[in-house]
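Here is what each chain is made of, one letter per residue.
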Amino acid sequence: MSGAVADKPDTITSRHDPRFEVTLYKYVGVEGAHTLDAYLAHGGYGAAKKAFGMEPSEVVDLVKASGLRGRGGAGFPAGVKWSFMPPVDGRQRFVVCNADESEPGSCKDRYLMEDDPHQLLEGMMIAGYAIGATKGVLYIRGEYYHAYERLRDAIEEARQRGYLGENVMDSGFDFDVILHRGAGAYICGEETALMNSFEGLRANPRLKPPFPAQAGVYGLPTTINNVTTLASAVHIIEKGADWYAAMGTDDSKGIHHVQISGAVNRPGVFEVPMGITYREIIFDLAGGPKGPAKAFIPGGTSCPLFPFDDEHLDLPMEYAAVAKAGSMMGTGGLIVIPEDQCIVDAMYNVTRFYAHESCGKCTPCREGVSTWLPKMFQKLLAGLGTPEDVDLMEDMVSNLRGTAFCPLADACAWPVQTSLKYFRNEYEHLAQHGTPLHPRKDRWQS
Amino acid sequence: MKIKVNEVELDVTPGTSVIDAVFAAGHDVPYFCSQEYMSPIGACRMCLAKIGAPRKDRATNDWILDEETGEPKIFWFPNPMATCTTQVMEGMVVDTISKDVKKAQNAMVEFTLVNHPLDCPTCDKGGACELQDRAYEYGSGESRFVFDKRHQEKHHALSELITLDRERCIHCKRCVRYFEEVPGDEVLDFIERGGHTYIGTLEDGLPSPFTGNITDICPVGALLDTTSRFRGRNWEYHHTDTTSLDDPSGAALRIDTRTGRIERIKAGLNDDVNKTWIDDGTRFGHEYADAEDRITRPMVRRDGTLVETTWADAAREIAERIAGMDGTRIGIALRGDATLEEGVAAKALADHLGSGRLDTAPRPAASVLPDGAAATLRDVATSDALFVVGDPTEEAGIVDLRIKDALKGVEPAPLFPHGPAIADLRLKERMPRKREILTICAPYRTDLMKHAGQAHVPPATSMVDLLHALAERASATVDGGTPSGAWDDALGMTAAEADALITRMRSSTRGVMIWSAFVSNDPRADEAARTFAKSVGAKTLILGPMANTAGLERISVLPSHDRYDYASMFTPETKALFLASLDPAVDPKVADRLRELDLLVVHAAFPTATSALADVVLPAVTGYEKDGTTLNVEGRLLPVRAAPVEAGTATDFTGVVKQLGEAFGTRLEGRSVKSARRVLRKLLDVDAAELPTTGQPLPPVRGKASGARAVREYARATGDALIVPSMVRVEHLDRNPHLRAERGDAALRAHPATLHAHGLTSGDVVTLPIGGIPRQLRVTASEGVPEGLWLAPTLPEQPVGLYDANLAAMVRERSATAEVA
C-alpha cells in the first residue's frame, strides 16, 4: 500500500494515519451547517478574531510558514502571493475569491460553499485583513445556483449580525463581500479574465504583468485565491502553521481535496493529506476501478494523463513529483478511464469542451483548439481519417503547446498529446479501419 | 542595457519591448496584433521567439555562471514568448531564426489562415496586405486544413464609410483597441467567442468622428474604405505623401490616385503631428475633387454668358479691363487654406497693381499667431494641465486626439530606427484616463467634453465676459493677491472652480491653453485669453479657422490698412475683385454688390453662386492638387504635394499670377511655386523645396505677430444663431456622397424644447436666413445645445460666431414626416 513512502515518516501522508482529521469538510453534509448559528456553535469566526489580534504581516507570515499553496490548480504559495501586495497607499484593495470552479472533474469548492459558506467568508475576511483589503469579491460560477443562494443568505446573515460590514465584530476592521455570479464561461476561472468579467467587460485574459497585486480589479491592488485556499487559512490561523505543515511532504504541505470520478466504485470528494499516493486514493478511498482501467488524469481534464500502471499509481500526490512524472496536480480532479473506453472518443469529448470554451482572443486557441482540432476528431471518429491525419494531429497539438496567450490551449493540448503518446494504437486503428478499437457502449448499463 | 538578438549585440533602453529590440537589431519578426501607438496585447502570437536571460543568485546577487564556459548562464523560457509583450532584461538573448522558432511562426501562420478565405485576387488589400506578406515570408506555402472554412457576412456595412468582411478578419483586435485607446469612443467589440468570434457594433453605425483609421490599421482586407472599394489594385495606385489642407492640424496624408482620380486618402505618418491618425472629414471628404462639374478651362463672359477660352485669352481680357484702374480700387482675396506660395503670388499681384486691398478669408479679427510661449502638439500630448476654449474635435481633429494622449499620461516614446515603437509596453488596454487635467469651455456641449474633468457651457453671449473674468482673477492672484470678485458673476463657474483651474494651470510647468475662432473673432476675448495664459504661465495653441490662416498671416498676406480688409471688398469703393476659392455671393446682399463691379475674376474649382456672376472664371485646383507649403497650428512648416488628378488646365494661384504677369508683360514674383519659394526663403529663412514630409518647426515670431486688425464689426456678442466649426466641410457636402450619407446633411441643431416651441421636428429641412445668408439645413434635436440657441455649421463665407437668425423668414422645405410617407 505504501509504494512511494514519504521521505519523512513523521509527517502525515496517508488517510490511514490516525493523526489525520477531516477539517475543511468536517461540516459538509451536516444538516443545517450552513447557518451562522451552526457555524458559531463550533467556534466559527474565532480564527478571524484571533487574526485581528495579530499584525497583518504576522498573518501573512503564518500562512507562509504553513506552506499553503493555491488550490486552484497552479499551486502558487498563498502567503507569498499575499506578500506581493504593494504598501497601503489609501487606494481601495480587494481580495477576490475565485469560486468559478469549472474544471471538468472538479467539485471540491461546490460542497464547501453549499454546506459551509461561513467558513469561506471567514477565510476571505482573514485574507482581507492580512492584505489590507476591505472589500471581498466572491465570483461564483453561474451554474452553482444552490451555492449562490447559500452564500447570498450567509452574507446577509453575517451583515445583519455584524460579521460583515463596518467594524466587523468590533475589531475596527471593515470588511464586506460582493457576491457576483458568472455567466457560464470556463475562461472566467483564469484570474484576469475573471476580473474582466467582474468589471462587466468581455472575459478575455489580461496581459501579465501587471499582476493582480499591482493592477487587479478596476486596476487596483488585488489578491485572488481559490475557495479552498481561503478556507484553509481559517484553520491555519486557528490551529497554527505547524499543524498544517505536519501534513504532506516537503514540497507540498497540508490538506488537499481529491475529487475522483470516472469508472470507480465510490466516486466523490475526499479530504486527504498531501503526499498520499494515487493508489491509496483510487483503491482505498474510491473503492478501486470498476473494471480494468488504462489511464487516469490526476488533476482535471486540463492535465496530461497517466497510464494506469504501478509507476504512476505509486506517485505521491505532491506538486513536484507529479510535475516530474509529466503531469500536474491541478485542482485534484482525478478521472479514471476504463480499458474499454475509446481514448479517441474520450479526447474528442475533452476537446469539444475546450473548443466551446475558447475565448477567441489568441490565434492558436481560436483557430487550433476551437476550430481545427475538433474537426480532426470528427473526421477520425466518422471513419474518414488516414494515418497521415494522426501525424498531422500530433504535429498540430505540439504547435498548440506553449504558444497561446493563456493556458487554455495547453489545457486542451496536454491530454490529447499524452493520449497520442500512450494510446497511439487506438488512433491508428481508427485511421486504418474506420472503426474504434473499443466501440462505444452505454456506460449506465455496465 | 545590453542584449543579444541572433548574435547581434545592442544597447536598448530599459522598458523596451523585445519586438522593438529585434527590429532595432535589423532582424524581423512577423506580427499582426501590435500596432504603433497602441497597447500590445499578445493576441496573434505571430511574433513568437525563443528568449532567455541570465539570472542572479538571490543570496550573493552575482550572475549564475555556466559551469562550462564561465559566462553567465542563459536560462531559456520553457515556451516560445510573444516578443511584443515581453520586456527586455539585462543580458537577454533572443532567437528569432532557429528551427524551433521558425516552426512556431510557421504554425501561427497556418492557424491564422485556417479560417481566412484567401480571396486575395478579389480583395482590395491584395498587394498591400500584412497577412499576405507574412504568409509568404513565414508560411509553409501549403494548407493542411481540409475542412470548410467559417462562413460569415462578407459585405457588412459597419457604417456608410466602412465595410467589414467578417470572413477575412483575423481577430487581431487592432480596430477594437483603436476605438477605446485613441478616440475613446467604444463603438466596436468582439461578439461571441472561440471560433465564432466576430467584430460588431452594439447599435448600428460607428458614432465617432475618427472611424476611418481602422481601415488603415487593419492588417487584412476585413475593414475597407467604402469610397474606394473595388476601385483599383494597390500596385496601380500612385501614392502622394502630402499634408492635409482640410484643417490647421497639418496631418500627414497619403493620397492614392489612379488614372487621374483620387481613389482614397490614407493617413500618413508624422510622429510629432498626427502620428498615424486622421479624422473622417479629412479622410472621406475628397470625393468632391473628382466631381463631374469641375471647371477645367478658363471662361470669359461674352454677351452675358460664360464661354470657354484659353488662359492667354482670359488673362488678356483681365489685363485690358483693369488697365488704368486705380489700384486701391482692386481687391484680392484668398481662402485661408491657400498655400504660402499662393500667398506670395497674391502679394506680388497686389504689389504690381498697387493695391493694399489684399486679404484672406475667413480671417478672425484677432491674430492667430501666439505671442507668448507657443505650444506644439507634442506639448499638448505631454501636458498635465489643459484648458480648452472651443471645440477642437471639429476644428482640428488631430488636436482632439493629442489632448486624449495627454489624458493617458504616457510620454511619447522616442523613435526607433524602424519608426515608432511597435509595442510600447507602457500603453495598456483600458488605461485609466486623467480626466481631471482637462477643462473645457464652449458655448454648447462638445464631443470632447465627455472626456473632460470639468466642462462649462456658458451662454454664447458671455464667452468674452467669462474669459475677461478669468483673466482678471488670474492676474489678481499672480503674486498671491486676492481677486476683487467684481467679475465673479461672469465666470460661468463658481469662484472655487475658477480658482482650482487657475491653480492647476499655474502649478503645472506643462500647462497648455487652447483656443479657437470662438475667441479669436473678438479681439477683447483674444486679449483676455492671452492675458490669462500669460498670468498662469501656460503655453498657447491657437486654432485658426482654415488650414493655413496662420501661415498667410505670418507672411503678411494682409490688407495694408485695416480699412482694406475682406469686408471692404464688398463696398462701392471696390471696382474690381479677384476671388480665389471663395463664394461670398451666398449672401444675397453681397451678390447684389458683386453685380455692380467693373470686373469680377473668380478662381474656382466648381461653379458657385459667385462664379455665376463673374466676368472671368479661372479653373482652380483643389488642396489635393497643389504644390506648396503650409504652416500648421503649432507653427510647423509642412510640404503640400500635388496628387496627379485630371483637372484640365486648372492651376493654383501662382498659375493665375503667371498668366496675368505675361499679359501685363512683366515677370511677377510668385509666378510659379519655385519663384514663390525664393521669396519664402527670404521671408522665413527656409528652403521650402527641401522640407521633409514631416515638416520643420518654424521659430516663432517675437512680439505681436502682425499689426493689422480688421475694422469690420467685431464678432457679435448678441444673436440667437451660433455658427460652429465642422469637421465635415459643408461647402463640399453635395459632392461628397459617402460622407454625406454617413454624417448627414448640414444640421440646424437646437434643444428639443426650442424645436418644440417653433413647431419643428428632427428631420425637417428648412431654409433659415442666418446673418443674412439663407442656409438650407436639416433640423436635428440635441440636448447639448442650450435652449433658445440655434447651431449651424460654418461656411468659409460665414465664420464661427454669433449671428441673428431670422426665424420669421424661416421656410420649411420638407417635413420629416412627409419624407417617411
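What you see is a predicted model, and the numbers here were worked out from it, not measured in a lab.

Residues and elements named next belong to chain A. Each assigned domain of chain A is listed here: domain 1 (43–245), domain 2 (255–338) and domain 3 (343–433). Each of domain 1 and domain 3 has a C-alpha centre, and these two points are 35 Å apart. Looking at the side of domain 1 that touches domain 3 residue by residue, the classes come out as 7 nonpolar, 1 polar and 1 charged.

The next point concerns the packing of helix α8 (residues 340–353) of chain B against helix α18 (residues 653–664) of chain B. Residues and elements named next belong to chain B. Relative to each other, α8 and α18 sit at 25 degrees, their axes nearing to 8 Å. What the angle tells us is that α8 and α18 run roughly parallel. Our pair here, α8 against α18, has a crossing hand that is left-handed. Counting all contacts with α8, which are made through Glu341, Glu342, Ala345, Ala346, Ala348, Leu349 and His352, the residues of α18 involved are Phe653, Thr654, Val657, Leu660 and Phe664. Grouping the constituent residues of the contact of α8 with α18 by class yields 8 nonpolar, 2 polar and 2 charged.

This brings us to the pairing of strand β26 (residues 616–619) of chain B. Residues and elements named next belong to chain B. Residues Val616 and Leu618 point to one face of β26 and Val617 and Pro619 to the other, with burial holding for every one of them. Summarising the sheet, strand β15 (residues 299–302) and β26 pair through 2 bridges and their orientation is antiparallel. Pairing of Val300 across the sheet is with Val616, part of β26.

The next subject is helix α8 (residues 191–198) of chain A. Residue and element names in this part refer to chain A. Counted residue by residue, α8 has 8 buried out of 8 residues, so it is predominantly covered. Within the span of α8, buried status applies to Glu191, Thr192, Ala193, Leu194, Met195, Asn196, Ser197 and Phe198. Taken together, the buried residues of α8 touch β1 (94–99), β2 (135–140), β3 (176–181) and β4 (222–226). Positive backbone phi, approximately 90 degrees, marks Gly200, located one or two places after α8.

Time to look at the interface of chain B and chain A. Contacts between the two partners involve 28 residues from chain B, matched on the other side by 25 residues from chain A. Listed by contribution, the elements that provide at least two residues to the side of chain B that touches chain A are α2 (99–114) and β9 (189–191) of chain B. Counting residues per element, the side of chain B that touches chain A draws most heavily on α2 of chain B, at 6 residues. Of the residues assigned to the side of chain B that touches chain A, the class counts are 15 nonpolar, 9 polar and 4 charged.

Turning our eyes to something else, we now look at helix α11 (residues 278–285) of chain A. Residue and element names in this part refer to chain A. For α11, the set of buried residues is Tyr278, Glu280, Ile281 and Ile282. The secondary structure elements touched by the buried residues of α11 are β5 (255–262), β6 (268–273), β7 (293–297), α12 (310–313) and β9 (333–338). In the segment just after α11, Gly287 is the residue with positive phi, at about 75 degrees.

Cut-offs and rules
- Residues numbered from 1 in each chain as written.
- Chains lettered and ligands numbered in written order.
- Predicted model: local features only at pLDDT ≥ 70, side-chain atom pairs only at ≥ 80, totals over all residues.
- Domains from an automatic or database assignment.
- Nonpolar A, V, L, I, M, F, W, Y, C, P; charged D, E, K, R; others polar.
- Axes fitted to C-alpha atoms, helices over the stretch in contact; angles between N-to-C directions.
- Helix = DSSP H or I, 4+ residues; strand = E, 2+ residues; numbered from the N terminus.
- Parallel < 35°, antiparallel > 145°, perpendicular 65-115°, else oblique.
- Left-handed = near helix turned anticlockwise from the far one by under 90°.
- Contact = placed C-beta atoms within 7 Å.
- Buried ≥ 20, exposed ≤ 12 C-beta atoms within 10 Å, placed from the backbone.
- Pairing = 2+ DSSP bridges.

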